[in-house]
Amino acid sequence: MTGAQRRQQLLDVARELFGRRGFEATSIEEIAAHAEVSKPVVYEHFGGKEGLYAVVVDREMQRLLGRFTSALSDPGHPRELLQRAALVLLEYIESDTDGFLVLTRDAPVTSGVGSYPSLIGEVARKVEHILGDHFGARGYDRRLAALYSQALVGMVALVGQWWLDTRSPDKRDVAAHLVNLAYNGLSHLDDRPGLVEGPSGS
């Protein structure tokens, strides 16, 4: 096995173990044993468990972000773009469960690696540009696109984490309901929303 092949093997093994057991519960010894190598081989490639974890997380972030970028790069109706984004995340959860679990677990405080919230932030920034154009065309304040993009992407992400455990209803039904709530809400936005005051004024 070449050095590159060994590195890839260690990343694949670590991805599965970190996803299944989490960072703290996974040891270098366990990773080495599953890869059928000695501990020094792991240290040689990654410098330790945190270094290995950082590469695994970065690889997963790039993989998922690449899928979002591809899905949102082609022009389309805002409803269609929202549907694509929802399906990208649900399909990733379904086909790359270990990777999603790695991204949604808390990173060690000292690792300095990216996290699921930072990935979601990247996706939200891409959606912000799309919403900004949509807002501008409809006469809304484009500056509010950042707020709405965070809300929309956050909603899809949180539902995705819930769906990871339930796997019901079908992912296409989940995506359809997300789009129904998000898009039908967006299509009837008030341009100057305010809170409804109760009898006490609160």
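Residues numbered from 1 in each chain as written. Predicted model: local features only at pLDDT ≥ 70, side-chain atom pairs only at ≥ 80, totals over all residues. Heavy atoms only, no water.

What to know about the UniProt feature "domain: HTH tetR-type" (unreviewed entry) in the protein chain
Now for step 1: Here the UniProt-annotated "domain: HTH tetR-type" (unreviewed entry) positions come out as residues 4-64.
Now for step 2: Taken end to end, residues 4-64 has its terminal C-alpha atoms 22 Å apart, with 82% of it in helix and 0% in strand. (UniProt positions renumbered as here; feature names shortened; annotations may be inferred. Helix = DSSP H or I, 4+ residues; strand = E, 2+ residues; numbered from the N terminus.)

A look at the packing of aromatic side chains
Now for step 1: Tallied over the full model, the rule gives four aromatic pairs.
Now for step 2: Plain terms: the ring middles of F18 and F23 are 6.0 Å apart, the flat faces sit at 25° to each other, and that makes the pair stacked. Just as F18 is buried, F23 falls in that class too.
Now for step 3: Taken together, a centroid distance of 4.9 Å and an interplanar angle of 70° make the contact between F23 and Y53 edge-to-face. Residue F23 is found in the loop between α1 (3-21) and α2 (28-35), and its partner Y53 is found in helix α4 (residues 49-73); the two are separated by 30 residues along the sequence.
Now for step 4: Among the aromatic side chains, those forming a connected cluster through ring pairs are F18, F23 and Y53.
Now for step 5: When the ring centre of F23 is taken as origin, the NZ or CZ atom of K49, which lies over that ring, is 4.3 Å away.
Now for step 6: A cation sits over an aromatic face here: R167 above W163, 5.5 Å from the ring centre. (Phe/Tyr/Trp six-rings, centres within 6.5 Å; stacked < 30°, edge-to-face > 60°. Buried < 20%, exposed > 50% of the residue type's maximum accessible area, 1.4 Å probe, protein only. Lys NZ or Arg CZ within 6 Å of the ring centre and 35° of its normal.)

Side note on the nonpolar core
Now for step 1: Membership of the largest hydrophobic core comes to 62 residues, with the highest contact counts inside it found for F18, I31, L52, L64, L89, L103 and Y116.
Now for step 2: Excluding residues that lie within four positions of it along the chain, Y116 makes contacts with L89, F100, L103, T104, A157 and Q161. (Core = buried A, V, L, I, M, F, W, Y, C linked by side-chain atoms within 4.5 Å. Contact = heavy atoms within 4.5 Å.)

Looking at the pattern of salt bridges
Now for step 1: This model, assessed by the stated rule, comprises twelve salt bridges.
Now for step 2: When the shortest N-O distance is used, the salt bridge between E60 and R63 registers 3.1 Å. Highlighted residues: E60 and R63, both in helix α4, separated by three residues, approximately one helical turn.
Now for step 3: Its relative accessible area of 0% is what places E60 among the buried residues.
Now for step 4: Classification of R63 as partly exposed rests on a relative accessible area of 29%.
Now for step 5: Of the charged contacts in the structure, one is a salt bridge between D96 and R63, with a shortest N-O distance of 3.7 Å. On the criterion of sequence distance, the pair formed by D96 in the loop between α5 (78-95) and α6 (97-104) and R63 in helix α4 is long-range, its members being 33 residues apart.
Now for step 6: A residue is classified by how much of its surface remains accessible, and D96, at 12% relative accessible area, is buried.
Now for step 7: One continuous salt-bridge network, built from bridges that share partners, spans R15, E60, R63, R67 and D96. (Salt bridge = Lys/Arg side-chain N within 4 Å of Asp/Glu carboxyl O.)

Details of the side chain of S149
Now for step 1: By the element assignment, S149 lies in helix α8 (residues 145-166).
Now for step 2: The buried category is assigned to S149, whose relative accessible area is 1%.
Now for step 3: A distance of 3.2 Å separates the side chain of S149 from the backbone oxygen of A124, its partner in a polar contact.
Now for step 4: With residues up to four places along the chain from it excluded, the contact list for S149 reads A124, V127, E128 and L131. (Polar contact = N/O pair within 3.5 Å; in protein donor to acceptor, adjacent residues only side chain to side chain.)

Regarding the UniProt feature "transmembrane region" (unreviewed entry) in the protein chain
Now for step 1: Per the UniProt record, "transmembrane region" (unreviewed entry) is annotated on residues 144-164.
Now for step 2: In residues 144-164, helix accounts for 95% and strand for 0%; the two terminal C-alpha atoms are 31 Å from one another.

Focus on the environment of F18
Now for step 1: Structurally, F18 is set in helix α1.
Now for step 2: In this structure the C-alpha to C-alpha distance between F18 and L144, which are 126 residues apart in sequence, comes to 38 Å.
Now for step 3: Apart from the residues within four sequence positions on either side, F18 is in contact with F23, T26, I31, K49, L52, Y53, V56, V102 and R105.

Examining unusual backbone geometry
Now for step 1: Geometrically, the link from S168 to P169 is a cis peptide bond, its omega value of 0° lying close to zero.
Now for step 2: In this fold, P169 is placed in the loop between α8 and α9 (171-186).
Now for step 3: Of note in this structure, E36 is not a glycine but carries a positive phi near 60°.
Now for step 4: Of note, E36 is situated in the loop between α2 and α3 (39-46).
Now for step 5: Judged by relative accessible area, which is 73%, E36 ranks as exposed.
Now for step 6: Even without being a glycine, R167 presents a positive backbone phi close to 55°.

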